Number of protein chains: 2
Amino acid sequence: MSKKTPLDRRTFIQTTAMASASLAVPSTQIQANTILSKKPNTNLRVAVFGSGLRGQSHIDLALRREDCEVVAVAEVDAHMIERTKKLYSKHNKSLPTFYDQGERDYRRLLEKEDIDAVIIATPWRWHTEMAVASMNAGKYCGVEVCGAFSMEECWQMVDTHEKTGTHLFFLENVCYRRDVMAVLNMVRQNLFGELMHLECGYQHDLRGVKFNDGSTAYNSGVEFGEKGFSEAKWRTWHSVHRNGDLYPTHGIGPVAQYIDINRGNRFMYLTSMATKSRGLHNYIVEHEKGGEDHPNAEVEFKLGDKVTTMIKTANEETIVIHHDTNLPRPYSLGFRVQGTKGLWMDVNKSLYIEGTSPSHQWEQAEDYLKKYDHPLWKKHEQKAVGAGHGGMDYFLLNAFIECAKQNIEAPFDVYDAATWMAITPLSEQSISMGGQPMAFPDFTRGRWMKRKNTFALNDKY
Amino acid sequence: MSKKTPLDRRTFIQTTAMASASLAVPSTQIQANTILSKKPNTNLRVAVFGSGLRGQSHIDLALRREDCEVVAVAEVDAHMIERTKKLYSKHNKSLPTFYDQGERDYRRLLEKEDIDAVIIATPWRWHTEMAVASMNAGKYCGVEVCGAFSMEECWQMVDTHEKTGTHLFFLENVCYRRDVMAVLNMVRQNLFGELMHLECGYQHDLRGVKFNDGSTAYNSGVEFGEKGFSEAKWRTWHSVHRNGDLYPTHGIGPVAQYIDINRGNRFMYLTSMATKSRGLHNYIVEHEKGGEDHPNAEVEFKLGDKVTTMIKTANEETIVIHHDTNLPRPYSLGFRVQGTKGLWMDVNKSLYIEGTSPSHQWEQAEDYLKKYDHPLWKKHEQKAVGAGHGGMDYFLLNAFIECAKQNIEAPFDVYDAATWMAITPLSEQSISMGGQPMAFPDFTRGRWMKRKNTFALNDKY
């Protein structure tokens, strides 16, 4: 059995983190990074772009902390600004400067504000533009999850990072889910042997998110677009016009950690298929506030109700990604982690480890998840209480703040963001071309062969 | 809700079965079929080709019956002939004539014996050749499951059927699994709404089947080929040389019933990917009778440990098929049946039905499976006790005998055999070409648009 425990890796990362980081940034930046990382910033000044419900969640967590301030917020929606102000009252903190003069007022913010870092939690359409502008302005850049619109914008993020030396932290919270991290611990301790096949996805009945009554976020009506509220305002348009895996990163983020994507491994190609589209139309027609005569009953939704994507990796693993957001079903990210010694599946909360589990029988995963609980969760569990999504949002924001304070490479960096987000346009292309395989570019320009996984190697963040 | 219950369909099939059957056979055959189906043969004379362990299981079930005799057996292995003779002693029946003069002695059997039907349970390599010869000899032909080697042999079966008017019954037993049939009942009663996405497969740790000690079938050593016993003698060669979904039909058979493949629907194309191959080599090396120095440790196995296939259908459903036979894991065919109203998964033995299940929560499937227990199982449960694979082998052989007695079209016919078996060569092609989509031919030559599903429409067989 391999001895690749997190503790054994800790020594490694301490001695090589700077060398590793230097691969990704121009040499002129190395000295500055090194200096900063020796004297971490103890009062990080942060701006948030987009203080909708997701942005407010980050602000709420940030305002609990002593080592950072959220000093500026770019937000165009007056209602969301009011809700944001209430968070500051709740935490007894002085209000930030709001930039609300149109959708590109964030640029004025970047010019005027003395900030170290930016968190981008706007609708998907703005992520790349804002990330590129923030990196160009030299701000440590946290960007919320989404899929890309094109391969070109993925390259744009990579190119901007390489030009500026500014870091991007892709804010994928599911990497911090407790069972996901326990399984990472098990993977690193070789419990599953050499990994072979992985599954993941986003299987979440979003019908009550994609539609609402214009004022209550969830399960309140059949409106979207101008008449919708929160995500229904913008997210639903993607279901009208696009057919692909629109939201791949909650699944692929954790999987990428298990098999070291962009760090000794990479995605080679994918194929995707989509079913017909029925769920969203049916929802409108069958809803008590909808019906056959509701204007939205005329909308033709292009997004197939179930989109399935297969990926082949350089190290010859296979991955299945499920995207399933239009049909009635219980929430499940559908993880499966399978190697030469056994497998874990989250849908049945079970695993099988050869030589340990009763022959040919599933075991409940619970005891293993406790035994292999990640050191990070063990240490910080209490701090995560009350944070969003079962506590994982605490770990995510904490890691972002800690990395930004040191101005060091993120565990999920611009290369990961580009690679994971690329699944969306590649899946759209494959579906539209009858399942043709689509090749992933190597966003790292060959560096994946030498880069090392730095995610959660210890109990710090 | 649709009222397409099995009972409602019963009327339909009674009035159209003959017309439907006639679509598939030349007009010269229609009269003969009609006559035969009105006066069923009460003493079907059967030959079995291949009385290995699977053939013996069929013979054992056939010998329990009063409406058929197994009068001839083609088998080349003296040991298997001895085991077969014991079955006849056990049932106090007179011995059949054995044809043991080489692998093609089955042809002499077809010439000499006065038989109505043939059951083919030989190694995969013989299935098509024997099925074609049997159909050409005018024998009602039951053929055990396997994947094809080429598209050409699939067409050969179809062409022979259409030339001779002789029927082929593809012996896919999992279609008769109790939960699979209960779910079919639920599908037909529209519990899941319009079907969207299905999953299935063959996830069975066969390492102890692919290798043995040459005399004990299971888990007894690391030999195969000439030194192996039973399936290890021949099946393992396919893992040495072929990389594809070698065994798709246990999964796709039931799925084909749920979505009426070749009967109003058809497979359009597939893509496949395979992982690297580790499991079989590791098994040899780590086995107490193997080791690094065992000659079989030198064998390079081409079969990827996990092969995954996606299919798109004419009616725009998607299907994922898992093939997973080289790694340690609990047995699971991995069924998922998902529609606009909910889904069933067998790995967590759960389902979700909108409006019935607690919102966003899985329910145990057990109560539903009992409530929707198929009429066939309800009526014949006692007869299935002790039959192979949890009783489903009883239903399979019973349906074969009943269809052969009437000389009528099988529920899984030559078009299904060709279509399901085609997954194997198409998946091999897709994998070898980097995930390229491969188109399914329409083996029915357009008849799929009018054909009707005839499987298990009532409680007869």
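Procedures and definitions
- Residues numbered from 1 in each chain as written.
- Chains lettered and ligands numbered in written order.
- Predicted model: local features only at pLDDT ≥ 70, side-chain atom pairs only at ≥ 80, totals over all residues.
- Heavy atoms only, no water.
- Least-squares fit on C-alpha atoms with pLDDT ≥ 70 in both.
- Contact = heavy atoms within 4.5 Å.
- Core = buried A, V, L, I, M, F, W, Y, C linked by side-chain atoms within 4.5 Å.
- Buried < 20%, exposed > 50% of the residue type's maximum accessible area, 1.4 Å probe, protein only.
- Domains from an automatic or database assignment.
- Axes fitted to C-alpha atoms, helices over the stretch in contact; angles between N-to-C directions.
- Helix = DSSP H or I, 4+ residues; strand = E, 2+ residues; numbered from the N terminus.
- Parallel < 35°, antiparallel > 145°, perpendicular 65-115°, else oblique.
- Nonpolar A, V, L, I, M, F, W, Y, C, P; charged D, E, K, R; others polar.
- Salt bridge = Lys/Arg side-chain N within 4 Å of Asp/Glu carboxyl O.
- Pairing = 2+ DSSP bridges.
- Polar contact = N/O pair within 3.5 Å; in protein donor to acceptor, adjacent residues only side chain to side chain.
- Right-handed = clockwise from strand over helix to strand, strands pointing away.
- Buried area = accessible area lost by both parts, 1.4 Å probe.

Asks: How should the relation of the copies chain A and chain B be read in this particular structure?
Replies: Both copies of the chain are tied together by a single rotation about an axis and a shift running along it. With an axial shift of 0.0 Å and an RMSD of 0.0 Å, the rotation relating chain A to chain B amounts to 180°. Such a combination of turn and shift is consistent with a two-fold rotation axis. Taking C-alpha positions as reference, the residue of chain A nearest the rotation axis is Asn348 of chain A, located at 2.3 Å. By residue overlap, the copies meet face to face through one surface: 100% of the interface positions of chain A are interface positions in chain B.

Asks: What is the right way to look at the nonpolar core in this model?
Replies: One broad rule of soluble globular proteins: the nonpolar side chains tend to lie buried together. Core analysis: the biggest nonpolar cluster contains 124 residues, and Phe49, Leu168, Phe169, Tyr176, Ile252, Tyr258 and Ile319 of chain A have the highest contact counts within it. Among the domains, domain 1 (9–173) and domain 2 (176–375 + 414–449) of chain A are the pair contributing at least three residues each to this core. Leu87, Ile261, Leu270 and Leu303 of chain B belong to the second largest nonpolar core, which has 122 residues in total.

Asks: Would you explain the packing of helix α3 (residues 53–63) of chain A against helix α15 (residues 392–406) of chain A in this entry?
Replies: Describing two packed helices takes the angle between their axes plus the distance from one axis to the other. All names here are of chain A. Packing of α3 against α15 brings their axes to within 10 Å, and their N-to-C directions diverge by 75°. Relative to α15, the element α3 is oriented roughly perpendicular. In contact with Arg54, Ser57, His58, Leu61 and Ala62 of α3, α15 contributes Asp393, Tyr394, Leu396 and Leu397. For the contact of α3 with α15, a count of residues per class yields 5 nonpolar, 2 polar and 2 charged.

Asks: How do you make sense of the pattern of salt bridges when you look at a structure like this?
Replies: One side chain can pair with another of opposite charge once the charged atoms of both are near each other. Residue and element names in this part refer to chain A. With the rule as written, the count across this model stands at 74 salt bridges over all chains. One salt bridge connects Asp67 with Arg65, and the closest N-O pair in it is separated by 2.9 Å. Note on Arg65: relative accessible area 12%, which makes it buried. Here the salt bridges do not stand alone but share partners, grouping Arg65, Asp67, Glu402 and Lys405 into one network.

Asks: Looking at this structure, I do not really get the sheet that holds strand β1 (residues 44–49) of chain A. What am I missing?
Replies: Strand-to-strand pairing in sheets goes through backbone hydrogen bonds, with the strands running parallel or antiparallel. Residue and element names in this part refer to chain A. Pairing within the open sheet is parallel, and its 6 strands lie in the order β3-β2-β1-β4-β5-β6. Because the sheet does not close on itself, it has two edges, and the strands there are β3 (97–99) and β6 (168–171). Sheet twist, expressed as the mean angle between neighbouring strand axes with direction ignored, is 25°. The pairing of strand β2 (residues 68–74) with β3 spans 3 bridges and is parallel. Across the sheet, the residue bridging to Ala74 is Tyr99, located in β3. Of the strands in this sheet, β1, β2, β4 (117–120), β5 (140–144) and β6 touch α15, which is tilted by about 175° from β6.

Asks: Any chance you could explain the side chain of Asn262 of chain A here in plain terms?
Replies: Residues and elements named next belong to chain A. Within the fold, Asn262 resides in the loop between α11 (249–258) and β8 (267–274). Of the residues examined, Asn262 reaches a relative accessible area of 3% and is grouped as buried. From its side chain, Asn262 meets the backbone oxygen of Tyr415 in a polar contact 3.3 Å long. The contacts of Asn262, once residues within four sequence positions are left out, are Tyr415, Asp416, Thr419, Thr444, Trp448 and Arg451.

Asks: Hey, could you run me through the pairing of strand β5 (residues 140–144) of chain B in this one?
Replies: Along any regular strand, the residues point their side chains to alternate faces of the sheet. Residues and elements named next belong to chain B. Taken across its 5 residues, β5 has 5 buried, putting it largely inside the fold. Burial of the side chains of β5 extends over both faces: Tyr140, Gly142 and Glu144 are buried on one face and Cys141 and Val143 on the other. In this sheet, β5 lies alongside strand β4 (residues 117–120) in parallel orientation, the contact comprising 4 bridges. Along β5, the bridge assignment pairs Ile119 with Gly142. Read as a crossover between parallel neighbours, the route from β4 over helix α6 (residues 127–136) to β5 is right-handed. By the bridge criterion, 4 bridges tie β5 to strand β6 (residues 168–171) in an arrangement that is parallel. Counterpart to Val143 in the pairing with β6 is Phe170. Note on the crossover from β5 through helix α7 (residues 151–164) to β6: the handedness is right-handed.

Asks: I keep staring at the domain arrangement of chain A and nothing clicks. Help me out?
Replies: Reports often express the size of an interface as the amount of accessible area lost when the parts come together. All names here are of chain A. The assigned domain composition of chain A is domain 1 (9–173) and domain 2 (176–375 + 414–449). For domain 1 versus domain 2, the distance between C-alpha centres works out to 25 Å. Across the contact, 29 residues belong to domain 1 and 33 residues belong to domain 2. Here domain 1 and domain 2 share 3 salt bridges between them. Of the charged contacts in the structure, one is a salt bridge between Arg445 and Glu162, with a shortest N-O distance of 3.0 Å. Linking domain 1 with domain 2 are 9 residue pairs in polar contact (both at pLDDT 80 or more). Counting residues per element, the side of domain 1 that touches domain 2 draws most heavily on helix α7 (residues 151–164), at 8 residues. Residues that form the side of domain 1 that touches domain 2 fall into these classes: 18 nonpolar, 6 polar and 5 charged.

Asks: What is the right way to look at the interface of chain A and chain B in this model?
Replies: Opposite the 57 residues of chain A that make contact, chain B presents 57 residues. Interface of chain A and chain B: buried area, both sides summed, is about 4700 Å²; carbon and sulfur atoms make up 59% of it. Of all residues in chain A, Met273, Lys276 and Met310 of chain A bury the most surface against chain B, accounting for 16% of the area lost on that side. Inspection of the chain A/chain B interface yields 10 salt bridges. Glu354 of chain A serves as the salt-bridge partner of Arg207 of chain B, at 2.6 Å between the closest nitrogen and oxygen. For the interface between chain A and chain B, the tally reads 21 residue pairs in polar contact (both at pLDDT 80 or more). Breaking the side of chain A that touches chain B down by element, the ones donating at least two residues are β7 (195–203), β8, α12 (279–286), β9 (306–313), β10 (318–324), β11 (336–339) and β12 (342–345) of chain A. Among the residues forming the side of chain A that touches chain B, the class breakdown is 19 nonpolar, 21 polar and 17 charged.

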